[in-house]
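An overview of the molecular structure
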Amino acid sequence: MRLDKFLADMQVGTRSEVKKLIRQKAVTVDGTVAKDPGMNVSENSNITVNGEEVSYVRYEYFLLNKPQGYVCTRDYSPNVLQLIASRDKNLNPAGRLDKDTEGAILITNDGQLVHRLISPRGHVDKTYYVETDRNIPANAREIFSKPMHFVDFTSEPADYQPLDDRSGYLTVHEGKYHQVKRMFQQLGCEVTFLKRTVFASLTLEGLETGEYRPLSEDEINYLKSL
Ligand code: URA
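Scope of this entry: the structure provided in the associated data block. As the structure is a computational prediction, the values presented were derived from the model and not from experiment.

**Digging into the site of the ligand**
Residues in contact with the ligand, as listed here, are L97, D98, T101, Y128, H178, Q179, V180, K181 and L194. Between an oxygen atom of the ligand and a side-chain N or O atom of T101, the distance comes to 2.8 Å. At a separation of 3.5 Å, an oxygen atom of the ligand approaches a polar backbone atom of Q179. Among the residues making up the shell around the ligand, the classes are represented as four nonpolar, three polar and two charged.

Here it is as C-alpha cells:
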C-alpha cells in the first residue's frame, strides 16, 4: 500500500497531514528517510514517525444485529464477541446494549473510535424501536422532546415517533445506563421489547438477528468524522 495510506490508516494524521510529515523528513521506512508519500510499503515495513515506530494494526469494523440473551462484555457468556468470527482479541463493542435488547451494535478493535463514539461529548444518534406494557401517554412526544431529569443525568431532547398506543421509535443522543427503559418508566410504562434500529446512521438493513457485516470504507470514514 502507499506510505501515506499506511500512516493515515494508523491514525498518524489525515492524508495531507502525513504528506506534510513526509516533506518535513519526519518519516523513515526501513531506516531510510522517506521522500515519496506514494512509495510502496507493506504491513511488515519498519516505519517511524519522529523516531517512534508505527506498527501496522489491521482494524476491523463490524455492524452486528445483536440477538437477545447476549451481553456486551467479554467476561460473561454468551457475549456478542462470540458471534464474530475474528481472532482479534482487541475487538470490543462501542457501548452496550442490555442483555434483553436487540439490534445494531458496532464492534471494532479501533479503540480510539470507540472512545470517541461513546464519550459524553460524542453525540451519536441512536434510534430504538420500543414496545411497552401499557398505553404510552398521548403527550409522550412533547415530554421526550424536553430534557428529562434522572439521578445521574439529564437527557437531551429526544425525538419520539409513535406507531400505535404501545409502540414507537425513540431517537436519543446519549447512551446512559438503561436510558430508554428509564425514560419510558418516567411516563409510567415498562419497556417489554427494545431493539436498536439505527446507530449513527447505520441501519440493520440486510442483517437478520445474529448476523453481522463489515463496514464499508465510506461508513468507517463517516464514523471517524463524527
Ligand atoms: N436503553 C436501554 O434501556 N437499554 C438498552 O439496551 C439501550 C438503551
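**Side note on the pattern of salt bridges**
In the structure shown here, the tally under the stated rule is 13 salt bridges. In this structure, K181 and D98 form a salt bridge, with 2.8 Å as the shortest nitrogen-oxygen distance. With a gap of 83 residues between them, K181 in helix α5 (residues 179-185) and D98 in the loop between β6 (92-93) and β7 (102-108) connect regions that are remote in the sequence. Taken individually, K181 and D98 each receive the classification buried, so the pair is uniform in this respect. With a shortest N-O distance of 2.5 Å, D152 and R182 are connected by a salt bridge. You can see D152 sitting in the loop between α4 (140-144) and β9 (159-164) and its partner R182 sitting in helix α5, a full 30 residues away along the chain. With a relative accessible area of 18%, R182 lands in the buried category. Three or more residues joined by partner-sharing salt bridges are found here, namely R2, D4, R15 and K19.

**As for the nonpolar core**
Side chains of a nonpolar character, in soluble globular proteins, are inclined to be buried together. The biggest cluster of nonpolar side chains holds 29 residues, and the ones touching the most others in it are I107, F144, L170, M183 and F184. Contributions of two or more residues to this core are made by β5 (61-66), β7, β8 (126-132), α4, β10 (167-172), α5 and β11 (191-199). In terms of residue count, α5 provides more of this core than any other element does, three residues in total. Sequence-distant contacts of F144, that is, excluding residues within four places in its chain, are made with E156, P157, A158, Y160, L170, M183, F184 and L187. In terms of nonpolar packing, the next biggest core, distinct from the first, is built from 17 residues, L63, A104, L113 and V114 among them.

Criteria and cut-off values
- Along each chain, the written sequence defines residue order, and numbers are assigned to residues from 1.
- Two thresholds apply to this predicted model, a pLDDT of at least 70 for residue-level local features and 80 or more for giving and counting side-chain atom pairs, whereas whole-chain, interface and lining totals are computed over all residues.
- Hydrogen atoms and water are omitted, and side-chain values are computed over all heavy atoms in the structure.
- When we say a residue is near a molecule or strand, we mean one of its heavy atoms is within 4 Å of it.
- The definition of a polar contact used here is a pair of N or O atoms within 3.5 Å, where within protein one atom must be able to donate a hydrogen and the other to accept one, and adjacent residues in sequence count solely through side-chain atom pairs.
- Here the nonpolar group is Ala, Val, Leu, Ile, Met, Phe, Trp, Tyr, Cys and Pro; Asp, Glu, Lys and Arg are the charged ones; every other residue, Gly included, is treated as polar.
- The working definition used for a salt bridge is a side-chain nitrogen of Lys or Arg within 4 Å of a carboxyl oxygen of Asp or Glu.
- Helix and strand assignments come from DSSP, with helices taken as H or I runs of at least 4 residues and strands as E runs of at least 2, each series counted from the N terminus.
- Each residue is assigned to one of three classes by its accessible area relative to the maximum for its type, calculated with a 1.4 Å probe on protein chains only: buried under 20%, partly exposed between the two thresholds, exposed over 50%.
- What is meant by a nonpolar core is a set of buried Ala, Val, Leu, Ile, Met, Phe, Trp, Tyr and Cys residues, joined one to another through side-chain atoms within 4.5 Å.
- Here a residue-residue contact requires only that any non-hydrogen atoms of the pair lie within 4.5 Å.

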